[in-house]
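# Observations on the model geometry
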Amino acid sequence: MVSAWIQSIPLAIFVILPHSLALLTGPSTSLAIIVAFVASTFTVLHLAELSCAVPKNCSAYHYAFAAIGELPAYLLGWIRLTQAATVSALLCHAWSEHLNLLTGGALYPVALIEMSHLPRNGSAIAQVVVEKFDVSSVVGMWLCIPLLFCSLTVLGTVSVSLMVVCSLVLSSCALVAFFHADTHNWLMAEFFTNGAQGLLQSSSLFLLLPFGIDALSSLLEETSHPRKKIGTMFPLLSVGLSLIVFIFSTVVSLTIRPDALRSAAILPELFRLANVPSASYLMAVCAFCGLSGSLLVSFLPGSRMLSQLTNDRLLPLPSDSARRPYTATLLYAVQVFVFLWFDQKVLLGSAAFLTTLRAIAIISLTHIQHYLPEPIGVPHETTHYRKIRPSVGSTSVAISDSYSSSTSENVALQMKVAKSETEKYQKRLEKRMGSEASELLGVPRSVSQYHTIGGPPRENSISSFAAVNKGHNCVEEACSHTGSQGSGRVHLYARIDPDIPNVSVFNSKNANRQYAPIDPMDTHIFALKVLILFLTLSTLLSLVFTTLGRIHVSSIVLLFMLFSLLVLTLFMGLRLPTNDLGCRRQSSTPCFPYSTYGALFLLCTLLGSTTARILAVSTSWLVFGLLLYFGYGFRHSTERYSGPCLILQNEDARRASEEQQCERIVEDYSSVTNTISE
């Protein structure tokens, strides 16, 4: 939980907020945070359901692998890896800027390298690559690597300590900004600086708020009982983070006019413009501490994703990077170093685009989960586990770990309790039958399954069906209707009336109607088609709405046609039967599928605000990932022919180390014993 705060708060306040205030929306940044809060909260709710179904590192990737195949899972993993590397590069840039501010501007004359060999006459490369490369950002990245080679305990302790300092200073500076707030700054400035386009772009940027929560889902295997509080913890974290950023952004935007900021503004300059130099220095210290902790944590999800892709042999990387975190961390640092050459505005746009794309993928996977004939994953918590592995060649998941004995013990205990209860009711019934056999004609309700009452079964007795044919409907198979009167035997009468009454009147309207049951696989395929059509129509509607500068008759007709098709598709999707009645989930998305379709429409609207340059850069990197897959991963994949394999692991690090130590002691003792015996 702490990692979510460490990752999200510095990223939102020191990286996204100044860019949004200065260039995108101005005072309407608070409204953009509200829009992003709605979209991110529904995304987090869907992510919680997937994480509970597959409590494993990179749960969305593993679920996509088992549900829709290797290529979509690889694309989702590549998007996640690119998104994490983009965020790490942004944090490196921000860390360098605030370090230069702390040193009084003495760092940049030494650290900046002029990119004079690149053409600057409006070329495409000049718009993407930085004008001056910052060496200090590379130094900050490599300073984090020694700490990343330590255990998660050391990394968490350092990050939490830095976050505590950042939170205390941030709260005090927010109080100072509150006393310097003036509503006149909002009245003098234009509320919507860049109109609806800027508002949508700012909302897409603030979708990075739950990035820390997404990073927390990448560490599920390294926590104890990950599914215990995911369903409530993820939404509460999203609400808390959005509330903190909303309050701080509102106070800051009231302190100074946003149009007075320069294009490369950083947050401590706001207090310098407000004539509070002490708060400016404290904010610089706060930003440096918070960004340092956030930069440390940002390496975890990317390195985990890179390790998983390497483990599945989908990337041409060294094989030991899947087993050793050191190699995966170094390779991820190399990717971050490549992204440091890109301009900061390009990195922000790419991060917003990839985050929106990943949120759409997560919600779509949850939609698929609700229409599968057999849902994937663990439906609900049954026992404490460390490893859960599926049976070979089947989609069912079975427990096969050191805690598997607890499952058999629980089953045995339940059988024992059921047997004791059955014997107790049997004795009570026999006792009552012995005293009231002459008065009791039948037992209206059976409390247990039994064969005889009052004696052993007789041989060659007629069955209950034969007895029914003779007018005797006793459910006891060893009971005969002959000599039943006065024999003292109790007859257990069964209900032979049919559950469905007979239809005596023929209706000609129903003569040609077929009553064949609906195939769940057909429902799943149709739901998948409806989902694809809904996403396509929502994206087209968003593009038409955001790209048309003027309203013409043709644009109105096109919008009306797309909207009508979207409503028709939504109506078909809402009428599809789900598998919720047959599957009990540990965490379920509320108001499904209404919340799912609403969140998808909002995310597609935000996706339509992406500029052509950002779309070209992001698409080029995705194409590069596809070339790597078809050049290497398609031929060397280790999971394509292994069936729908899900390995769910929940391993406590301390317990694992203790067990390894015990195994080592036992091995040493056995070797010493063998030596002595020889």
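The following refers to the structure shown.

About the criteria used
- Residues numbered from 1 in each chain as written.
- Predicted model: local features only at pLDDT ≥ 70, side-chain atom pairs only at ≥ 80, totals over all residues.
- Heavy atoms only, no water.
- Helix = DSSP H or I, 4+ residues; strand = E, 2+ residues; numbered from the N terminus.
- Contact = heavy atoms within 4.5 Å.
- Salt bridge = Lys/Arg side-chain N within 4 Å of Asp/Glu carboxyl O.
- Core = buried A, V, L, I, M, F, W, Y, C linked by side-chain atoms within 4.5 Å.
- Buried < 20%, exposed > 50% of the residue type's maximum accessible area, 1.4 Å probe, protein only.
- Expected span 1.5 Å × (residues − 1).
- Bend = angle between axes of the 7 residues up to and from the residue.
- Polar contact = N/O pair within 3.5 Å; in protein donor to acceptor, adjacent residues only side chain to side chain.

### Examining the overall build of the protein
Scanning the protein from N- to C-terminus turns up 23 helices and five strands. The contacts of the protein with a sequence gap of at least 6 include a subset with a gap of at least 24, amounting to 79%.

### Some details on the pattern of salt bridges
For the structure shown, the criterion picks out one salt bridge. Notably, a salt bridge pairs Lys 132 with Glu 114, separated by 4.0 Å at the nearest N-O pair. With a gap of 18 residues between them, Lys 132 in strand E2 (residues 132–134) and Glu 114 in strand E1 (residues 112–114) connect regions that are remote in the sequence.

### What about the nonpolar core?
Grouped together as the largest cluster of nonpolar side chains are 142 residues, with contacts concentrated most on Phe 14 and Met 283. Here this core gets 16 residues from one element, more than from any other, and that element is helix H4 (residues 70–102). Discounting residues that sit within four places of it in the chain, Met 283 has contacts with Phe 14, Leu 170, Cys 173, Phe 248, Leu 267, Pro 268 and Phe 271.

### Concerning helix H22 (residues 612–636)
Three- or four-residue spacings in an α-helix give side chains the same orientation, since the helix completes a turn every 3.6 residues. A rise of 1.5 Å per residue sets the reference length of H22, with its 25 residues, at 36 Å; its end C-alpha atoms lie 35 Å apart and thus fit the reference within 8%. At Tyr 629, H22 shows its maximal bend, which comes to roughly 45°. Turning to H22, its buried residues number three or more, namely Ile 614, Val 617, Ser 618, Leu 622, Gly 625, Tyr 629, Tyr 632 and Gly 633.

### Let's talk about the environment of Glu 70
By the element assignment, Glu 70 lies in helix H4. Judged by relative accessible area, which is 8%, Glu 70 ranks as buried. The spatial distance from the C-alpha of Glu 70 to the C-alpha of Gly 633 is 9.8 Å, given a sequence separation of 563 residues. At 2.7 Å, the side chain of Glu 70 and the side chain of Tyr 629 are in polar contact. Reaching out from Glu 70, the side chain makes a polar contact with the side chain of Ser 637 at a distance of 2.3 Å.

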